[in-house]
Amino acid sequence: MGYSNSSYTQSYLYYGFYIYSLVLIAIAIGYTITGQGERIDIGWFLENVSPYYWAALGIGLVVSLSVVGAAMGIHTTGVSIIGGGVRAPRIKTKNLISVIFCEAVAIYGLIIAIILAGILEEYGDIQPGDEKYEQNLMSGYFLFGAGITVGFTNLFCGLAVGIVGHIRAASQITDHLLILKIFFGSSANFFLFFIMVVQVSKADFVSAS
């Protein structure tokens, strides 16, 4: 008996949840044993972690989530194209558009990551408590929020395109409306460009000098 795409997704979520839970528990135990239990504080974590960390994490999430979304979309639709192509070889070329639009999701995420990386600048030796540090910390939060927003949207767009492409290839449907759904499923993330611009409009890393 084979495994469906939903069972694979559930396995990824379950294993990921368990792994992250174990990592967090191990960190908490380590802080407790070493007498640094006061660091198990969300406020301390948000204020004392470097702005570089938040900015770099947001940029990394844009790329990683976009690529994962594109990969899962290609996996979903690619299996159907290869399997359906055995019975009807003509559908192989007609359904490659799904794979192309999945790849477009990853490319879009890479472009947004390059834009966000251009905003990140070195600000020198500024310690917590300084007004400039607070401005840089806020800028790091902005880049982190933009990374989460764009990254997860690209992830879901890639899955949406893959599912629609899977249905079109598996049922050998020639309805052009499905092509439009694939197009709009992939291009919906372009609206996020304007949201990303609003999110990072106030991001400005102030140097120490």
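Remember, predicted model here, so these are calculated numbers, not experimental data.

### Observations regarding the packing of aromatic side chains
Point 1. In total, this model carries five aromatic pairs according to the counting rule given.
Point 2. Here tryptophan 54 and tyrosine 141 contribute two aromatic rings whose centre-to-centre distance is 5.7 Å and whose plane-to-plane angle is 65°, an arrangement assigned as edge-to-face. Residue tryptophan 54 is found in helix H3 (residues 51-87), and its partner tyrosine 141 is found in helix H6 (residues 131-170); the two are separated by 87 residues along the sequence.
Point 3. Every member of this aromatic cluster is reached through a ring pair, and the members are Tyr53, Trp54, Tyr141 and Phe144.

### What to know about a negative patch on the surface
Point 1. A contiguous patch of negative charge, built from Asp41, Glu47, Asp130, Glu131 and Glu134, is present on the exposed surface.
Point 2. Inspection of the secondary structure assignment puts glutamate 47 in helix H2 (residues 42-48).
Point 3. For glutamate 47, a relative accessible area of 52% corresponds to the exposed category.

### Comments concerning the environment of leucine 143
Point 1. When you line up the elements, leucine 143 lands in helix H6.
Point 2. On the basis of relative accessible area, leucine 143 is assigned to the buried category, the value being 0%.
Point 3. For the pair leucine 143 and alanine 203, spaced 60 residues apart in sequence, the C-alpha separation works out to 7.5 Å.
Point 4. Once residues lying within four places of it in the same chain are set aside, the contact partners of leucine 143 are Ala55, Gly58, Ile59, Leu116, Ile119, Leu120, Val200, Ala203 and Phe205.

### A few points about the packing of helix H5 (residues 96-119) against helix H8 (residues 192-199)
Point 1. Running from amino to carboxyl end, H5 crosses H8 at an angle of 20°, the nearest separation of the two axes being 12 Å. The angle between H5 and H8 falls in the class roughly parallel. Both H5 and H8 take part in a crossing whose hand is right-handed. From H5, Tyr108, Ile112, Ile115 and Leu116 reach across to H8, where they touch Leu192, Phe193 and Met196.
Point 2. Of the residues in the contact of H5 with H8, the class split is seven nonpolar, no polar and no charged.

### Here we look at the UniProt feature "transmembrane region" (unreviewed entry) in the chain
Point 1. Under the local residue numbering, the UniProt record ascribes the feature "transmembrane region" (unreviewed entry) to residues 12-33, 53-75, 96-120, 140-165 and 177-200.
Point 2. Secondary structure within residues 96-120 divides into 96% helix and 0% strand; the distance between the first and last C-alpha atoms comes to 37 Å.
Point 3. Secondary structure within residues 140-165 divides into 100% helix and 0% strand; the distance between the first and last C-alpha atoms comes to 37 Å.

### Some points on the side chain of serine 139
Point 1. Note on placement: serine 139 falls in helix H6.
Point 2. We classify serine 139 as buried; its relative accessible area is 0%.

### Details of the environment of glutamate 103
Point 1. Along the chain, glutamate 103 falls in helix H5.
Point 2. Sequence separation of glutamate 103 and glycine 158 is 55 residues, and the distance between their C-alpha atoms is 8.4 Å.

### Description of the packing of H6 against H8
For any two helices packed against each other, the geometry comes down to the angle between their axes and how far apart the axes lie.
Point 1. H8 packs onto H6 with a crossing angle of 170° between their chain directions and a minimal axis gap of 9 Å. Between H6 and H8, the crossing angle belongs to the class labelled roughly antiparallel. Seen along the crossing, H6 lies across H8 with a hand that is right-handed. Here Phe142, Gly145, Ala146, Thr149, Val150 and Thr153 of H6 lie close against H8, whose contacting residues are Leu192, Ile195, Met196 and Gln199.
Point 2. For the contact of H6 with H8, the per-class residue count stands at six nonpolar, four polar and no charged.

Quick notes on the rules
- Residues numbered from 1 in each chain as written.
- Predicted model: local features only at pLDDT ≥ 70, side-chain atom pairs only at ≥ 80, totals over all residues.
- Heavy atoms only, no water.
- Phe/Tyr/Trp six-rings, centres within 6.5 Å; stacked < 30°, edge-to-face > 60°.
- Helix = DSSP H or I, 4+ residues; strand = E, 2+ residues; numbered from the N terminus.
- Patch = residues over 30% accessible without salt bridge, like charges linked within 9 Å, V, L, I, M, F, W, Y side chains within 5 Å.
- Areas by Shrake-Rupley, 256 points an atom, 1.4 Å probe, with all protein chains shown as cover.
- Salt bridge = Lys/Arg side-chain N within 4 Å of Asp/Glu carboxyl O.
- Lys, Arg positive; Asp, Glu negative; His and termini not counted.
- Charge placed at Lys NZ, Arg CZ, Asp CG, Glu CD.
- Buried < 20%, exposed > 50% of the residue type's maximum accessible area, 1.4 Å probe, protein only.
- Contact = heavy atoms within 4.5 Å.
- Axes fitted to C-alpha atoms, helices over the stretch in contact; angles between N-to-C directions.
- Parallel < 35°, antiparallel > 145°, perpendicular 65-115°, else oblique.
- Left-handed = near helix turned anticlockwise from the far one by under 90°.
- Nonpolar A, V, L, I, M, F, W, Y, C, P; charged D, E, K, R; others polar.
- UniProt positions renumbered as here; feature names shortened; annotations may be inferred.

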